[in-house]
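Structure assessment
Chain by chain, the residues run as shown.
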Amino acid sequence: MGLSAEAIRDGLDAIAAREPGIARALALAGYPEPRIRPTGYTTLLRTIVGQQVSVAAASSIWNKLEALLGKDLPPERILAAEYDELRGAGLSRQKQGYVRSLCELVADGALALDSLPSDDEEAIALLTRIKG
């Protein structure tokens, strides 16, 4: 879950009160917008695809994958794809392992990302079943 605009503003105001450089930056650039994405499979898949690559590279890989496998990259389509197809779209062997792990858990119903438990420890236990 991301921070609300109010929480971001309050946090930055508290830091700016102590650090003049931050206060100057806020005066020049303003407050950043919250970056909140919807919960679920597609957002987690995008996160894996974007790990340790630039925003531009992640976007390029995502676009290639969607062109290859369809919008929002259904787990079944990823699992059916060949290694070389996914590699050609930009997924390394290691990243393919992480993506396939997520897709297997979602496809077989072992992980329902749209209805994670409200208890943090239970949710963490489910999410850490995903490799990577």
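Below or above, wherever it landed, is the structure these notes cover.

Conventions adopted
Residues numbered from 1 in each chain as written. Predicted model: local features only at pLDDT ≥ 70, side-chain atom pairs only at ≥ 80, totals over all residues. Heavy atoms only, no water. Helix = DSSP H or I, 4+ residues; strand = E, 2+ residues; numbered from the N terminus. Rg over C-alpha atoms; globule rule 2.2 N^0.38 Å. Contact = heavy atoms within 4.5 Å. 1 Å grid on protein atoms, 1.4 Å probe; cavity = no way out; pocket = protein on both sides within 12 Å on 5 of 7 lines; lining within 4 Å. Points joined across faces, edges and corners; volume = space filled by probe spheres on them. Nonpolar A, V, L, I, M, F, W, Y, C, P; charged D, E, K, R; others polar. Buried < 20%, exposed > 50% of the residue type's maximum accessible area, 1.4 Å probe, protein only. Lys, Arg positive; Asp, Glu negative; His and termini not counted. Salt bridge = Lys/Arg side-chain N within 4 Å of Asp/Glu carboxyl O. Core = buried A, V, L, I, M, F, W, Y, C linked by side-chain atoms within 4.5 Å. Patch = residues over 30% accessible without salt bridge, like charges linked within 9 Å, V, L, I, M, F, W, Y side chains within 5 Å. Areas by Shrake-Rupley, 256 points an atom, 1.4 Å probe, with all protein chains shown as cover. Charge placed at Lys NZ, Arg CZ, Asp CG, Glu CD. Phe/Tyr/Trp six-rings, centres within 6.5 Å; stacked < 30°, edge-to-face > 60°. Lys NZ or Arg CZ within 6 Å of the ring centre and 35° of its normal.

The secondary structure content of the protein chain amounts to eight helices and zero strands. Starting at the N terminus, the α and β elements of the protein chain follow one another as α-α-α-α-α-α-α-α. Here the C-alpha atoms of the protein chain give a radius of gyration of 19 Å, more than 25% beyond the 14 Å that 2.2 N^0.38 yields for 132 residues. Overall, the C-alpha framework of the protein chain stretches about 55 × 35 × 25 Å when taken along its three principal axes.

A separate point is the environment of Ile 8. If you trace the backbone, Ile 8 turns up in helix H1 (residues 5-18). When neighbours within four sequence positions are excluded, Ile 8 is seen to be in contact with Leu 3, Pro 32, Glu 33 and Pro 34.

Quick look at the layout of surface pockets now. When its volume is computed, the second largest pocket comes out at roughly 240 Å³. Taken together, Arg 37, Arg 46, Thr 47, Val 49, Gly 50, Gln 51, Val 53, Ser 54, Val 55, Ala 58, Ser 59 and Trp 62 form the lining of the second largest pocket. Counting only elements with at least two residues in the lining of the second largest pocket, the list comes to helix H3 (41-50) and helix H4 (55-69). A class-by-class count of the residues in the lining of the second largest pocket yields five nonpolar, five polar and two charged.

With that settled, the discussion passes to the side chain of Lys 95. Inspection of the secondary structure assignment puts Lys 95 in helix H7 (residues 93-107). Buried charge Lys 95 goes without a salt bridge, the closest partner of opposite sign being Glu 66 at 16 Å. Among residues more than four places away in sequence, those in contact with Lys 95 are Ile 48, Val 49, Gly 50, Gln 51 and Val 53.

Quick look at the nonpolar core now. Counting 21 residues, the largest nonpolar core has Tyr 41, Leu 45, Leu 65, Leu 73, Ile 78 and Leu 102 as the members making the most contacts within it. The residues touching Leu 45, leaving out its near neighbours within four places in the chain, are Trp 62, Leu 73, Ile 78, Val 99 and Leu 102.

Quick look at a positive patch on the surface now. A surface patch of positive charge is lined by Arg 35, Arg 37, Arg 46 and Lys 71. Within the element layout of this structure, Arg 35 appears in the loop between helix H2 (20-29) and H3.

Attention now moves to the packing of aromatic side chains. Think of a pair of aromatic rings as described by two things: how far the centres are apart, and how the planes are tilted against each other in angle. Within this structure, the stated rule accounts for zero aromatic pairs. The ring of Tyr 83 has Arg 93 lying over it, and the distance from NZ or CZ to the ring centre is 4.4 Å.

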